Amino acid sequence: MSTKNRPIQALPDQLISQIAAGEVIERPAAVVKELLENAIDAGATQITIRLEQGGIKRISVTDNGRGIPKEQLGLALQRHATSKVASLPDIENVTTLGFRGEALASIASVSQLTLTSRTADEQHAWQINNMANESGIEPASGPVGTSVDVRDLYSRTPARRKFLKSEQTEYGHCQETVRRIALSRPDVSFVLSHNNKQTAQWGVNESAQRSAQILGNDFANARLPLEQIAGDESNGLRLSGFIGLPTAARGRADSQYFYVNGRFVRDKLLTHAVRAAYQDVLYGDRYPSYVLHLNLNPALVDVNVHPSKTEVRFRDSRSVHQFVFNTINRALAQTNVEALSPASTTQAPRSGALPWISAQRQAPLGIAQKPADYGQFFAEAANAGTHHINETATTQEQHPLGYALAQLHDIYVLAQNEAGLVLVDMHAAHERILYEQMKQALESRDMPVQQLLIPITLNADPVEVGAVEENQAMLHSLGFDVSALSPETLAVRTLPAPLKHADAETVMRDILRELQEVGSSRIVTEKHHALLGTMACHSAVRAGRKLTHTEMNALLRQMEITERANQCNHGRPTWVQLAASDLDLLFQRGQ
Ligand code: ADP
Ligand code: MG
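All of the points below concern the structure found in this document. All values reported here derive from a predicted model rather than from experimental measurement. (Residues numbered from 1 in each chain as written. Chains lettered and ligands numbered in written order. Predicted model: local features only at pLDDT ≥ 70, side-chain atom pairs only at ≥ 80, totals over all residues. Heavy atoms only, no water.)

Focus: the overall build of the chain
Alright, step 1. Check the secondary structure of the chain and you find 20 helices and 22 strands.
Alright, step 2. Residue burial in the chain is summarised as follows: out of 591 residues, 51% are buried.
Alright, step 3. Just so you have it, the chain exposes about 28,200 Å², and 49% of that area is on carbon and sulfur atoms. (Helix = DSSP H or I, 4+ residues; strand = E, 2+ residues; numbered from the N terminus. Buried < 20%, exposed > 50% of the residue type's maximum accessible area, 1.4 Å probe, protein only. Areas by Shrake-Rupley, 256 points an atom, 1.4 Å probe, with all protein chains shown as cover.)

In structure tokens form, the structure reads like this:
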């Protein structure tokens, strides 16, 4: 019979569930998610997850939650049967993770499912499986709580089973699902095993410890705690958690955890807000790590946008974006010298016992580069630059980074402050300052330019010429007047003033490369920032140059007034504090 001639028919329940299963549980990890969410909704404090063959063979989740009464066991497996909402207003104010009442039915429609449960009122547990009918409820043994055992996933829908990846891949997805939920609920203990081997175990803990366990030491050692509240109870927003410092950034976006009212989400708006907040300290292919919780009145957010509920819709998305952006941006900006002064507890670079050892030098040693005249910058920089080392005693309090003592290997500036010794990577620090200065100039649209007496011409390929033409306006706003003289020649007539001493051709080549790398897909501001970074790197004082005391002090004063001064544009530290007590320890004084 061709489809044209078929009469309209209501689909059988089983088929409806199988269709829904395609959406809700596209792979074993999705089953794990649904079962864990049910356990958490049931108030469990201990959850055990057993997987076999990546979850394809078996997924079993056991919890110590409130259990399901015997007479409701059959209902639990039925489609659109839920204890969590009963009316539309309930959905709008939902505080449980589940509410659609379709997970167990969907899973049962594509697997062999056994549900065992016992409430506190019952003498023993009861069990039902989807192969039996409703009368097939049998007594079973077991403590209060629920255990769901899912076997041979998709064995009844072989077409779907073909889409599954290798056992290891599916296991990886399951593991990630468990991490996500475990991160959001440090007050619940989790045990995970795969093929009868325990692979993770997290006891009840504080969120700081749980996130350190799950995201690892790189994160634990370089993160800022965050807690910001705006507005009142009915329309307020609260953002809390931990944001990784740029030094904890990764090459992949695999340590990013955002929760809205306890639910893990992957939301474009939120991801964008976080990304934008990190823009000044991180760009290109580095990804920040974070564990963030946004809490708000459930009536102000719709979680029922997608069956798997990983996307949300905010009533007032603009203010949510702004709030998230501002909170993180401010927190990152405060990692400047003030925030890191000895009294502060958020001193980022001082985590290990000998933290300065890990401080990385940014410029290669003795790089052969035309020495530029930085004297003027440093002279213009800060009037404090005229102070001399001898004045330290009285003014040190106003100068957290203290006063320059000497230069080490023409790379580091050594300074003395109240706490002890300060070590500055002069290139990295200067680069950061220039970046912020140029960024400000760009934002207020007054990038100073340097007219070149004789235009510089350089050979270019058609792609480069195209990139220049495509980005003419932006290059102009950055202070470059560059245009095509011929299909293979570019002429540069002005440079941004901060680059006036740099080698124009090298700068231009780098900018061209950068333009091609960032491509036209990136949003303009992101490009700007990448280009500013390249420019700052070119104009910053190179390792290998001798600085006078006046110049060194000017650099310190500039660092103190520059936002985000404690990290260079590549996310590495620009300075480290060596407390006098650390030095005492090193020499075992007073022990
Ligand atoms: P939903 O979670 O959307 O309500 P489910 O199909 O996942 O739908 O579950 C149906 C119902 O079964 C739930 O509303 C809940 O009452 C009950 N249930 C499921 N899992 C558990 C569990 N682990 N502990 C207690 N009750 C559960
Ligand atoms: Mg559920």
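Quick look at the sheet that holds strand 17 (residues 412-416)
Hydrogen bonds between backbone groups are what pair the strands of a sheet, and the pairing can be parallel or antiparallel.
Alright, step 1. Spatially, 16-17-18-22 is the arrangement adopted by the 4 strands of the open sheet, whose pairing is antiparallel. The sheet is open, and its two edges are formed by strand 16 (403-408) and strand 22 (575-579), each paired on a single side. Ignoring which end each strand starts from, the neighbouring axes of this sheet average 25° apart.
Alright, step 2. Both strand 17 and strand 18 (residues 420-425) contribute to a ladder of 5 bridges, which runs antiparallel. Paired with Leu414 across the bridge in strand 18 is Leu423.
Alright, step 3. This element, helix 14 (residues 426-443), spans strand 16, strand 17 and strand 18 of the sheet and lies at about 70° to strand 18.
Alright, step 4. Packing of helix 19 (residues 549-561) onto the sheet brings it into contact with strand 16, strand 17, strand 18 and strand 22, and relative to strand 16 it is tilted by some 115°. (Pairing = 2+ DSSP bridges. Axes fitted to C-alpha atoms, helices over the stretch in contact; angles between N-to-C directions. Contact = heavy atoms within 4.5 Å.)

Section: the packing of helix 2 (residues 28-41) against helix 7 (residues 167-184)
Alright, step 1. Between helix 2 and helix 7, the shortest axis-to-axis distance is 8 Å and the interhelical angle comes to 25°. If you check the angle between helix 2 and helix 7, you find them roughly parallel. Relative to helix 7, the crossing made by helix 2 is right-handed. For the pair formed by helix 2 and helix 7, the contact residues are Pro28, Ala29, Val32, Lys33, Leu36, Glu37 and Ile40 on the first element and Glu170, His173, Cys174, Thr177, Val178 and Ile181 on the second.
Alright, step 2. Partitioning the contact of helix 2 with helix 7 into residue classes produces 8 nonpolar, 2 polar and 3 charged. (Parallel < 35°, antiparallel > 145°, perpendicular 65-115°, else oblique. Left-handed = near helix turned anticlockwise from the far one by under 90°. Nonpolar A, V, L, I, M, F, W, Y, C, P; charged D, E, K, R; others polar.)

Comments concerning the site of ligand 1
Alright, step 1. Around ligand 1, 19 residues are found, and the nearest of them are Asn38, Thr82, Ser83, Lys84 and Gly101.
Alright, step 2. Between Asp63 and ligand 1, the recorded distance is 2.9 Å, taken from a side-chain N or O atom to a nitrogen atom.
Alright, step 3. Contact between ligand 1 and Leu104: an oxygen atom at 2.9 Å from a main-chain N or O atom of the residue.
Alright, step 4. Put simply, the parts of the chain that give the shell around ligand 1 at least two residues each are helix 2 and helix 5 (103-109).
Alright, step 5. For the shell around ligand 1, a count of residues per class yields 8 nonpolar, 7 polar and 4 charged. (Near = heavy atom within 4 Å. Polar contact = N/O pair within 3.5 Å; in protein donor to acceptor, adjacent residues only side chain to side chain.)

Here we look at the sheet that holds strand 10 (residues 237-244)
Alright, step 1. Here 5 strands make up an open sheet; going across it, the order is 9-10-13-11-12 and the pairing mixed. The outermost strands of the open sheet, each flanked by one partner alone, are strand 9 (223-230) and strand 12 (263-265). Neighbour-to-neighbour, the strand axes of the sheet open up by a mean angle of 20°, direction not taken into account.
Alright, step 2. When strand 10 meets strand 13 (residues 290-296), the two strands line up antiparallel, connected through 7 bridges. Bridge pairing in strand 13 places Phe242 opposite Val291.

Quick notes on a nonpolar patch on the surface
Alright, step 1. A surface patch of nonpolar side chains, about 260 Å² in accessible area, is lined by Leu11, Leu15 and Ile19.
Alright, step 2. Residue placement: Ile19 occurs in helix 1 (residues 13-24).
Alright, step 3. Relative accessible area serves as the criterion here: at 53%, Ile19 is assigned to the exposed category. (Patch = residues over 30% accessible without salt bridge, like charges linked within 9 Å, V, L, I, M, F, W, Y side chains within 5 Å. Salt bridge = Lys/Arg side-chain N within 4 Å of Asp/Glu carboxyl O.)

Remarks on empty space enclosed by the protein
Alright, step 1. Summed over the entire model, instances satisfying the criterion amount to 1 cavity of 30 Å³ or more.
Alright, step 2. A volume near 40 Å³ is recorded for the largest cavity.
Alright, step 3. Lining of the largest cavity is provided by Leu215, Asp218, Phe219, Ala248, Arg250, Ser255 and Ser289.
Alright, step 4. The residue makeup of the lining of the largest cavity, split by class, is 3 nonpolar, 2 polar and 2 charged. (1 Å grid on protein atoms, 1.4 Å probe; cavity = no way out; pocket = protein on both sides within 12 Å on 5 of 7 lines; lining within 4 Å. Points joined across faces, edges and corners; volume = space filled by probe spheres on them.)

Some words on helix 2
Alright, step 1. The end-to-end C-alpha separation of helix 2 is 20 Å, in line with the 20 Å expected for 14 residues at 1.5 Å each.
Alright, step 2. When you tally the buried positions in helix 2, you get 13 out of 14 residues, the bulk of the element. (Expected span 1.5 Å × (residues − 1).)

Details of the environment of Val178
Alright, step 1. Locating Val178 in the fold gives a position in helix 7.
Alright, step 2. A residue is classified by how much of its surface remains accessible, and Val178, at 0% relative accessible area, is buried.
Alright, step 3. For the pair Val178 and Ala29, spaced 149 residues apart in the sequence, the C-alpha separation amounts to 8.6 Å.
Alright, step 4. When residues no more than four places from it in sequence are discounted, the contact partners of Val178 are Val32, Leu36, Ile49, Leu192 and Trp202.

Here's the deal with unusual backbone geometry
Alright, step 1. In this structure, Asp152 takes a positive phi of about 50° despite not being glycine.
Alright, step 2. The residue Asp152 is located in the loop between strand 6 (145-151) and helix 6 (158-161) in this model.

Considering the pattern of salt bridges
Alright, step 1. Considering all chains together, one arrives at 18 salt bridges under this definition.
Alright, step 2. Here Glu52 and Arg58 are joined by a salt bridge, their closest N and O atoms 3.4 Å apart.
Alright, step 3. Judged by its relative accessible area of 18%, Arg58 is buried.
Alright, step 4. A salt bridge links Glu227 to Arg238; its shortest N-O distance comes to 2.9 Å. On the criterion of sequence distance, the pair formed by Glu227 in strand 9 and Arg238 in strand 10 is long-range, its members being 11 residues apart.
Alright, step 5. Residue Arg238 is classed as partly exposed on the basis of its relative accessible area, which comes to 32%.

Observations concerning the packing of aromatic side chains
Describing an aromatic ring pair means giving the distance of the ring centres and the angle of the ring planes.
Alright, step 1. For the structure on display, the rule yields 2 aromatic pairs.
Alright, step 2. Between Tyr259 and Phe264, the aromatic rings sit 5.7 Å apart at their centres with planes inclined by 75°, giving edge-to-face as the arrangement. With respect to burial, Tyr259 and Phe264 carry one shared label: buried.
Alright, step 3. One aromatic cluster in this structure is built from Tyr257, Tyr259 and Phe264.
Alright, step 4. Above the ring of Trp126, the side-chain terminus of Lys70 is found at 4.3 Å from the ring centroid.
Alright, step 5. Across the ring face of Tyr403, the terminal group of Arg557 is positioned such that the distance to the ring centre comes to 4.9 Å. (Phe/Tyr/Trp six-rings, centres within 6.5 Å; stacked < 30°, edge-to-face > 60°. Lys NZ or Arg CZ within 6 Å of the ring centre and 35° of its normal.)

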